[in-house]
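Per-entry structural report
Listed here are the chains, written in short residue letters.
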Amino acid sequence: MRARIVVILIAAAATIASACVNGGDANGSNTRINVLDSVYTQSWETMEDTGTVYRIEVISPLGADTIRNVIPPAPVVAGDTLVIGLVQVSEDSSTPQRQIFRLRLGTHRIETSPIPDDVWGSYQDILVSPDGRYLAYVGEDTIPENPGTYGIVRDLATRNVVIRGPGGGGCDCDEDFNHARWFAPDSFEIAVAHTNRGAGWERFSGKASARRFHVDTLSDEPDWH
């Protein structure tokens, strides 16, 4: 299975983002994603007044589909069968909520499901693995004996935890200093800020399918974007 990640460009000015992705198999088929337009609207992030949502077009040998209210990080095309990403949705005048969307190419039907309950409220890099099987993010328990933030990888199909890093993370801040990234097909790195106790960033890295991980410390905030 091959995958490509759509690069969505978010400009400071009111410039329409444009991006495309090409993926193919041995028979030369491909899938392409175009950003049609973008608008400023109420953000899912309670610390921000507005955010940007995108309307994208997915074109494959099986047809074309349009998806609205797409938000970063960029959607992932897994093989020539599946597109997965994030949208924000709201009911009536409530604060928009992030959801995971799945488009199975050829069905022309978009399915959505909530993001995991333990995603830290301000965390932005909720990332789908290049093979479309896993979700990596920074989580936080809401129980009274809150252990702080931690890196976590879940199976997208079952929603089960695959690997969870140590707790204890956190920062005295109003913005997100945590980061994550994938390397095809399912190797990950998650940097969890521990700046609340002057301990830099805890890097939680490994391979999801092997349930193997390693933890070390970074003194400086990673520049992964």
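All residue numbers here refer to positions counted from 1 along the written sequence of the relevant chain. Totals for whole chains, interfaces and linings use all residues, but because this is a predicted model, local features are given only for residues with pLDDT of at least 70 and pairs of side-chain atoms are given and counted only at 80 or more. Each side-chain value is worked out from all heavy atoms of the structure, with water and hydrogens disregarded.

Moving on, we come to the overall build of the protein chain. Note on conventions: DSSP H or I runs of at least 4 residues are helices, E runs of at least 2 residues are strands, and numbering of each starts at the N terminus. Each helix and strand in the protein chain was counted, giving zero helices and 16 strands. Three labels apply to residues, based on accessible area from a 1.4 Å probe with only protein chains included: buried if under 20% of the type maximum, exposed if over 50%, partly exposed otherwise in between. Within the protein chain, buried positions represent 47% of all 225 residues. Contact between two residues is taken to exist if any of their heavy atoms lie within 4.5 Å; hydrogens are not considered. Restricting the contact set of the protein chain to residue pairs at least 6 apart, pairs at least 24 apart contribute 42%.

On to the sheet that holds strand β10 (residues 134-140), then. Criterion used throughout: strands pair if DSSP finds at least two bridges between them. Strand order across the open sheet formed by four strands is β9-β10-β11-β12, with antiparallel pairing between neighbours. In this open sheet, the two strands that pair with only one neighbour each are β9 (127-128) and β12 (161-164). Direction of pairing for strand β11 (residues 149-155) relative to β12: antiparallel, over a ladder of three bridges. Bridge pairing in β12 links Ile 152 to Arg 164.

On to the side chain of Asp 155. Along the polypeptide, Asp 155 turns up in strand β11. Of the side chains with opposite charge, Arg 133 lies nearest to the buried Asp 155, which makes no salt bridge, at 5.3 Å. In contact with Asp 155, not counting residues within four places along its chain, are Arg 133, Tyr 134, Asn 160 and Val 162. The positive count covers Lys and Arg only, the negative count covers Asp and Glu only, and His and the chain ends enter neither. Salt bridges are defined by distance alone: a side-chain nitrogen of Lys or Arg within 4 Å of a carboxyl oxygen of Asp or Glu.

With 83% of its residues at a pLDDT of 70 or more, the protein chain shows a mean pLDDT of 83. pLDDT is a residue-level measure of predictor confidence that goes from 0 to 100. For the stretch residues 1-29, pLDDT sits under 50, and the model shows 74 contacts to residues farther than four places along the chain or on other chains.

Time to look at the nonpolar core. The biggest cluster of nonpolar side chains holds 34 residues, and the ones touching the most others in it are Tyr 123, Ile 126, Val 153, Trp 182 and Ile 190. Among the elements of the structure, β5 (63-78), β6 (82-89), β9, β10, β11, β12, β13 (179-183) and β14 (187-193) are those that each provide at least two residues to this core. Looking at this core, the element that brings in the most residues is β10, giving five residues. Sequence-distant contacts of Trp 182, defined by excluding residues within four places in its chain, comprise Leu 127, Val 128, Ser 129, Pro 130, Tyr 134, Leu 135, Ala 136, Val 153, Ser 187, Phe 188 and Ala 208. The definition of a nonpolar core used throughout is a set of buried Ala, Val, Leu, Ile, Met, Phe, Trp, Tyr and Cys residues joined through side-chain atoms within 4.5 Å. Counting 13 residues, the second-largest nonpolar core is a separate cluster that includes Val 35, Ile 56, Val 77 and Leu 105.

Here we come to the packing of aromatic side chains. Any Phe, Tyr or Trp ring, taking Trp's six-membered ring, that has another such ring centre within 6.5 Å forms a pair; planes under 30 degrees apart are called stacked, those over 60 apart edge-to-face, and the others tilted. Summed over all chains, the structure comprises four aromatic pairs. A centroid spacing of 5.2 Å and a plane angle of 65° characterise the contact between Phe 204 and Phe 213, whose relative ring orientation is edge-to-face. Ring pairing ties together the aromatic residues Tyr 134, Trp 182, Phe 188, Phe 204 and Phe 213, which thus form one cluster. Both a distance and an angle decide whether a charge sits over a ring: NZ of Lys or CZ of Arg must be within 6 Å of the ring centre and within 35 degrees of the ring normal. Taking the ring centre of Tyr 150 as reference, the NZ or CZ of Arg 164 above it sits at 3.8 Å.

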